[in-house]
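Results of the structural survey
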Amino acid sequence: VRIVTKAGISNPRAFVVSDQKEFVEVEPNNDVDKAQRIELNSTVSGGIATANDVDYYVFAGKKGQRVIFSALTTSIDSRLNVFVKVFSADGLYVGGNRNYFHSDALVDAVLPADGDYHVRVSDFTYTQGGIDYFYRLSVTTAPWIDAVFPSVVEPGKETKVTVYGRNLPGGKIDPDVVVNDRALEKVVVT
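So, a few notes on the structure that sits alongside this text. These figures come from a predicted structure and were not determined experimentally.

What about the overall build of the chain?
Helix and strand counts for the chain stand at zero helices and 16 strands. Projecting the C-alpha coordinates of the chain onto the three principal axes gives extents of approximately 60 × 55 × 30 Å. Buried residues in the chain amount to 38% of all 190 residues. Taken as two groups, the 20 positive and 24 negative side-chain charges of the chain have centres that lie 3 Å from each other.

A look at the side chain of S42
Relative to the elements of secondary structure, S42 occurs in strand β5 (residues 42–47). Note on S42: relative accessible area 0%, which makes it buried. There is a polar contact of 2.3 Å between the side chain of S42 and the backbone oxygen of E39. For S42, the contacting residues outside a window of four places in its chain are Q20, K21, F23, L137, S138 and V139.

A closer look at the environment of P143
Here P143 lies in the loop between β12 (134–140) and β13 (144–149). With 51 residues separating them along the chain, P143 and L92 place their C-alpha atoms 25 Å apart.

Considerations on the nonpolar core
The biggest cluster of nonpolar side chains holds 25 residues, and the ones touching the most others in it are Y57, F59, F69, V119, L137 and V139. Among the secondary structure elements, those contributing two or more residues to this core are β6 (54–61), β7 (66–72), β8 (82–88), β10 (105–110), β11 (115–123) and β12. The residues touching V139, leaving out its near neighbours within four places in the chain, are I38, E39, L40, N41, S42, F59, V67, I68 and F69.

Observations concerning the sheet that holds β8
The five strands are arranged β4-β6-β11-β8-β9 in an open sheet whose pairing can be described as mixed. The open sheet terminates on both sides in strands that have one partner only, identified here as β4 (36–37) and β9 (93–97). Bridging between β6 and β11 involves eight bridges; their strand directions are antiparallel. Along β11, the bridge assignment pairs D55 with V121.

A word on the pattern of salt bridges
Per the counting criterion, the structure on display carries 10 salt bridges. In the salt-bridge network here, residues are joined through shared partners; they are R66, D108, D146, R166, R182 and E185.

Side note on the sheet that holds β7
Pairing is mixed in the open sheet, where five strands are placed in the order β3-β5-β12-β7-β10. At either margin of the open sheet sits one strand with a lone partner, and together these are β3 (21–24) and β10. Pairs of neighbouring strands in the sheet enclose a mean axial angle of 15°, with direction left out of account.

Some points on unusual backbone geometry
Omega for the peptide link from E27 to P28 comes to -5°, which places this bond in the cis form. If you trace the backbone, P28 turns up in the loop between β3 and β4. Look at the link from F149 to P150: it is a cis peptide, with omega at 0°. Structurally, P150 can be placed in the loop between β13 and β14 (161–166). Positive phi is not limited to glycine here, since N180 has a value of about 50°. Here N180 shows up in the loop between β15 (172–179) and β16 (182–189).

Definitions and limits used
- Residues numbered from 1 in each chain as written.
- Predicted model: local features only at pLDDT ≥ 70, side-chain atom pairs only at ≥ 80, totals over all residues.
- Heavy atoms only, no water.
- Helix = DSSP H or I, 4+ residues; strand = E, 2+ residues; numbered from the N terminus.
- Buried < 20%, exposed > 50% of the residue type's maximum accessible area, 1.4 Å probe, protein only.
- Lys, Arg positive; Asp, Glu negative; His and termini not counted.
- Charge placed at Lys NZ, Arg CZ, Asp CG, Glu CD.
- Polar contact = N/O pair within 3.5 Å; in protein donor to acceptor, adjacent residues only side chain to side chain.
- Contact = heavy atoms within 4.5 Å.
- Core = buried A, V, L, I, M, F, W, Y, C linked by side-chain atoms within 4.5 Å.
- Pairing = 2+ DSSP bridges.
- Salt bridge = Lys/Arg side-chain N within 4 Å of Asp/Glu carboxyl O.
- Axes fitted to C-alpha atoms, helices over the stretch in contact; angles between N-to-C directions.

Given below as structure tokens:
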């Protein structure tokens, strides 16, 4: 979005419109026992206030659910080099990621059991924090599209395209297409 006034045009600023339930980070949530409860298929907006700030969230999951944890930073003009880790209630490491796309993070995890799961969000190097170090963390079972081929089609003409991603309706795992050690699903649609 840009603002236009008599004085001129502002720099562009990114923002996100979502159809998921929204939460705002509530402090203190800097340890597992203080984790903020959120719902699966929701998004939380938070920030890393100081270099050593760590934010924890907890949600209930079911065995076998493929959950996508997306932390937007670069995409929304944040300076945060985010690192996301996911743990089961008993402390089992389920997955983690940073730099999926620039400084955005994406964790793709199949939950090993029913129960609570903790999501840990921090600066990767624990060296920066402040008002410019914010994030949008989505915890969802919704489809995630990584790529579409071909990426350009002729308008008004039916064309088959191949969609690669995660949790795709009707998608089948393609073992030849792997991102961050996870095979993507593939579906061909018109």
